[in-house]
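Now for the letters of each chain:
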Amino acid sequence: MRIQDQVAIVTGGGSGLGAATARHLAGQGATVAILDYDGARAETVAAEIGGAAWQVDVSDESAVGAAVDQVADRFGQAARIAVNCAGVGMAARIVGREGKMSFDVFERTLRVNLFGTYNVMSHAARLMSELDPTETGERGVIINTASVAYQDGQLGQAAYAASKGAIAAMCLPAAREFARSGIRVMAIAPGLFHTPMMEGLPEEVTAQITANIPFPARLGQPEEYALMAAQIIENSYLNGTTIRLDGAVRLPPR
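Because the structure is a prediction, the values reported are computed rather than measured.

> I'd love a proper account of the sheet that holds strand E1 (residues 7–11), names of residues and values included.
Ordered in space as E3-E2-E1-E4-E5-E6-E7, the 7 strands form an open sheet in which the pairing is parallel. Of all strands in the sheet, those with a lone pairing partner are strand E3 (52–55) and strand E7 (242–245), marking the two edges. The average undirected angle you get between the axes of adjacent strands in this sheet is 20°. Bridge count for strand E6 (residues 183–190) against E7 is 4 bridges, and the pairing is parallel. Along E7, the bridge assignment pairs Ala 189 with Arg 244. Of the strands in this sheet, E1, strand E4 (81–84), strand E5 (140–145) and E6 are in contact with helix H4 (residues 103–128), which crosses E5 at around 175°.

Spelled out as structure tokens, the structure:
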């Protein structure tokens, strides 16, 4: 599928992986709609790339549905491309000190990461299925963001790993369901990337983390995620699987 002249929805597009993806797709000629909980950041990126922004909590199903409909109305056509980058990365032990439970972290993480991804995927596919197929028979492509933590979850990452594991697990059944409509579903599992989440760490911690990455021995750049997303969009035979993008890293237990 060509990127030029398509409408694309990018969640979490106000920063990090989402912002890089929004910029890259716009640079390839797409009209980009950014959905982000942080409306101000979304507006900043949208203004930079000539797109539009919606302040949306992706865990709110009705709000997502309204925003996806508004994107189609605003640009005169539904999005053929949807990239889900919105997410949270809270850490907590299942049972912490003095028996402290962490269900609140588990619930919030799944609501944003998993339910949010499901909401956007569902509503994006709803409108994609009504589009005319392209010359390749495609009506759309949906890219969800998992994480290497779905296979290498570290101590304190039970909630995060569960949310990302579910995103990876639903990739194939979603692709099989939407195949009849000509909609592909893929997932990217990034490793350790230079995002706002990582930027808040002390230099010595970042250096320790980077030491575990075989090659290139550095944090991934958000632009490399964006490039992978664009390659998935353009390669029609990629469907129903999760691609690790990680410099060959395998996370240690802690």
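Moving on from the coordinates now.
> Run through the nonpolar core, naming residues and quoting values.
Of all hydrophobic cores here, the largest spans 32 residues; its most connected members are Leu 25, Val 32, Ile 143 and Tyr 225. Elements represented by at least two residues in this core include exactly E1, helix H1 (16–27), strand E2 (31–36), helix H2 (39–49), E4, E5, E6 and helix H10 (222–234). A per-element tally of this core places H10 first, with 6 residues. When near neighbours in sequence (up to four residues on either side) are disregarded, Val 32 contacts Ala 8, Val 10, Ala 22, Leu 25, Ala 26, Ile 49, Gly 51, Ala 52 and Phe 75.

> Could you give an account of a nonpolar patch on the surface, naming the residues involved and the relevant values?
Side chains of Ile 94, Val 95 and Met 101 sit close together on the surface and give an oily, nonpolar patch of about 320 Å² of accessible area. With respect to the helices, strands and loops of the structure, Met 101 is situated in the loop between E4 and H4. Overall, the relative accessible area of 53% leaves Met 101 in the exposed class.

> I'd like to hear about the layout of surface pockets, residue by residue, with values.
As a volume, the largest pocket reaches approximately 1500 Å³. Lining the largest pocket are 48 residues; nearest its centre among them are Val 88, Gly 89, Tyr 160, Thr 195 and Met 197. Taken together, the elements giving at least two residues each to the lining of the largest pocket come down to H1, H4, helix H6 (158–169), helix H8 (196–199) and helix H9 (203–210).

> Before we move on, could you go through empty space enclosed by the protein and cite the residues and values that matter?
Using the criterion set out here, one finds 1 cavity of 30 Å³ or more in the structure. By volume, the largest cavity is sized at about 40 Å³. Lining the largest cavity are Ile 9, Val 68, Val 71, Ala 72, Ala 78, Ala 79, Ala 124, Leu 127 and Met 128. Taken together, the elements giving at least two residues each to the lining of the largest cavity come down to helix H3 (61–75) and H4. Residues that form the lining of the largest cavity fall into these classes: 9 nonpolar, no polar and no charged.

> I'd love a proper account of the environment of Gln 70, names of residues and values included.
Residue position: Gln 70 is located in helix H3. On the accessibility criterion, Gln 70 (38% relative accessible area) is partly exposed. C-alpha separation for the pair Gln 70 and Gly 14, spaced 56 residues apart in sequence, amounts to 18 Å. Among the polar contacts listed, one links the side chain of Gln 70 to the side chain of Trp 54, at a separation of 2.8 Å.

What counts, and at which threshold
Residues numbered from 1 in each chain as written. Predicted model: local features only at pLDDT ≥ 70, side-chain atom pairs only at ≥ 80, totals over all residues. Heavy atoms only, no water. Pairing = 2+ DSSP bridges. Helix = DSSP H or I, 4+ residues; strand = E, 2+ residues; numbered from the N terminus. Axes fitted to C-alpha atoms, helices over the stretch in contact; angles between N-to-C directions. Contact = heavy atoms within 4.5 Å. Core = buried A, V, L, I, M, F, W, Y, C linked by side-chain atoms within 4.5 Å. Buried < 20%, exposed > 50% of the residue type's maximum accessible area, 1.4 Å probe, protein only. Patch = residues over 30% accessible without salt bridge, like charges linked within 9 Å, V, L, I, M, F, W, Y side chains within 5 Å. Areas by Shrake-Rupley, 256 points an atom, 1.4 Å probe, with all protein chains shown as cover. Salt bridge = Lys/Arg side-chain N within 4 Å of Asp/Glu carboxyl O. 1 Å grid on protein atoms, 1.4 Å probe; cavity = no way out; pocket = protein on both sides within 12 Å on 5 of 7 lines; lining within 4 Å. Points joined across faces, edges and corners; volume = space filled by probe spheres on them. Nonpolar A, V, L, I, M, F, W, Y, C, P; charged D, E, K, R; others polar. Polar contact = N/O pair within 3.5 Å; in protein donor to acceptor, adjacent residues only side chain to side chain.

Fair warning: the whole summary comes from geometry, so function is off the table for now.
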